[in-house]
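# Structural characterization, general
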Amino acid sequence: MAYCQWTTGSPLLGSHTAQQRVVVCVHGLTRNNRDFDFLAQTIVKASSNLSRSDPQVIWTVYSVDVVGRGKSDWLEDKTKYAYSTYTKDLAAFLEHVTTSHNVAKVDYIGTSMGGIIGMCLFFAGAGKYINTLTLNDIGALVPAVGLARMADYVGKDPRFQEFDIAEAYFRKIFQPFGPLTSEQWKHITMYSIVPDTATDKHKDEDVAWRLCYDPAIGAPFRNLASKPLTDVDLWKQYESVHVPILLIHGELSDILPREVVEEMKTRGPGSKNLLQVLEMEGIGHAPALMAQDQIDA
């Protein structure tokens, strides 16, 4: 599993006496670990300032590429692009980082699919590695209407002759992410495409670009398209969570309706005062966590 890593760079890095704090970030369905660059840099910068007053604390942030995305490998058996696989992989990764940093638990941040994996970790008994859980615009029930919108682009395999064409594509399908700067849209585009090697073999000029994921990750959506879409029920997974949850809710989200948020407040962790809700006004699915006001919130 490919990943990026940031650390405070404390002079006591590696000291057995220093306290370690670890954050693990997991992206959405078609995305990759570079979505968390801005958030991770902010966490590390803020924790570096804290470390000047308390140099015994070292913060490390990891963002992973779920299999089939970014720089992680593609699966030969495409039927294994499933939450059972993702949950098993993340459980192994969490075991590795907790051991490596000599910590009992990590703070887990999951956007959309990453949040579902987080809940599945608890349901599978791997919640022992998680201290706090942040769910970015994902909840205990995913409505069919949101899935239908995502099915329009998930697993598609377009080609782009120019970077600007690719950027326009991402600006369109990810418009619900909210207002982003030109720099942030270029960042999304830069890390969402790779040269199309099949085209590259035939032409040295006019190289096309493709999306940097295995199109087979969309197989579940294509299978669903053959029959009427139904809501995805994750109440059992949600109710298995037993740590504090920060639920980030995009006001205009079609994946996390307000009525689901309200019901989550009364069930499982919500009924035990473990759920805190953060509203993102004017944003759909899912807040990109790149804009400074979103990070600051």
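Residues numbered from 1 in each chain as written. Predicted model: local features only at pLDDT ≥ 70, side-chain atom pairs only at ≥ 80, totals over all residues. Heavy atoms only, no water.

## Re the sheet that holds strand β3 (residues 57-64)
Strand order across the open sheet formed by seven strands is β1-β3-β2-β4-β5-β11-β12, with mixed pairing between neighbours. The open sheet is flanked by β1 (3-7) and β12 (275-280), the only strands paired with a single partner. Adjacent strand axes in the sheet meet at a mean angle of 15 degrees when their direction is disregarded. Both strand β4 (residues 106-111) and strand β5 (residues 130-136) contribute to a ladder of six bridges, which runs parallel. What sits directly across from Y108, in β5, is L133. (Pairing = 2+ DSSP bridges. Helix = DSSP H or I, 4+ residues; strand = E, 2+ residues; numbered from the N terminus. Axes fitted to C-alpha atoms, helices over the stretch in contact; angles between N-to-C directions.)

## Quick look at the packing of aromatic side chains
Counting across every chain of the model gives 11 aromatic pairs. Their ring planes at 75 degrees and their centres at 5.4 Å tell us that Y169 and F170 sit as a pair that is edge-to-face. As far as burial versus exposure is concerned, Y169 and F170 are alike and both buried. An aromatic cluster is defined as three or more aromatic residues linked by ring pairs; in this entry it consists of Y153, F160, Y169, F170, F174 and F177. Its end group placed over the ring of Y191, R34 keeps NZ or CZ at 4.0 Å from the ring centre. Against the face of W235 rests R267, its NZ or CZ located 3.9 Å from the ring centre. (Phe/Tyr/Trp six-rings, centres within 6.5 Å; stacked < 30°, edge-to-face > 60°. Buried < 20%, exposed > 50% of the residue type's maximum accessible area, 1.4 Å probe, protein only. Lys NZ or Arg CZ within 6 Å of the ring centre and 35° of its normal.)

## What about the packing of helix α2 (residues 83-100) against helix α3 (residues 113-123)?
Between α2 and α3, the shortest axis-to-axis distance is 9 Å and the interhelical angle comes to 75 degrees. In terms of orientation, α2 and α3 fall into the roughly perpendicular class. Facing Y83, Y86, T87, L90, A91 and L94 of α2, the residues of α3 in contact are M113, I116, I117, C120 and L121. Partitioning the contact of α2 with α3 into residue classes produces 10 nonpolar, one polar and no charged. (Parallel < 35°, antiparallel > 145°, perpendicular 65-115°, else oblique. Contact = heavy atoms within 4.5 Å. Nonpolar A, V, L, I, M, F, W, Y, C, P; charged D, E, K, R; others polar.)

## Digging into the sheet that holds strand β7 (residues 159-160)
Neighbouring strands of a sheet are bound in pairs by backbone hydrogen bonds; such pairs are parallel or else antiparallel. The sheet built from three strands is open, its strands ordered β7-β9-β8 with antiparallel pairing. Strand pairing shows two members of the sheet lacking a second neighbour, β7 and β8 (193-195), which therefore form its edges. Relative to strand β9 (residues 209-211), β8 is paired through three bridges, and the arrangement is antiparallel. By the bridge assignment, V194 is partnered in β9 with R210.

## Some details on the nonpolar core
In terms of nonpolar packing, the biggest core is built from 88 residues, with V24, I117, L121, L133, F170 and M264 touching the most fellow members. When residues in this core are grouped by element, the largest group, seven residues, is from α3. Those residues in contact with L133 that sit more than four places away from it in its chain are Y108, G118, M119, F122, V241, V243, P244, I245 and L246. (Core = buried A, V, L, I, M, F, W, Y, C linked by side-chain atoms within 4.5 Å.)

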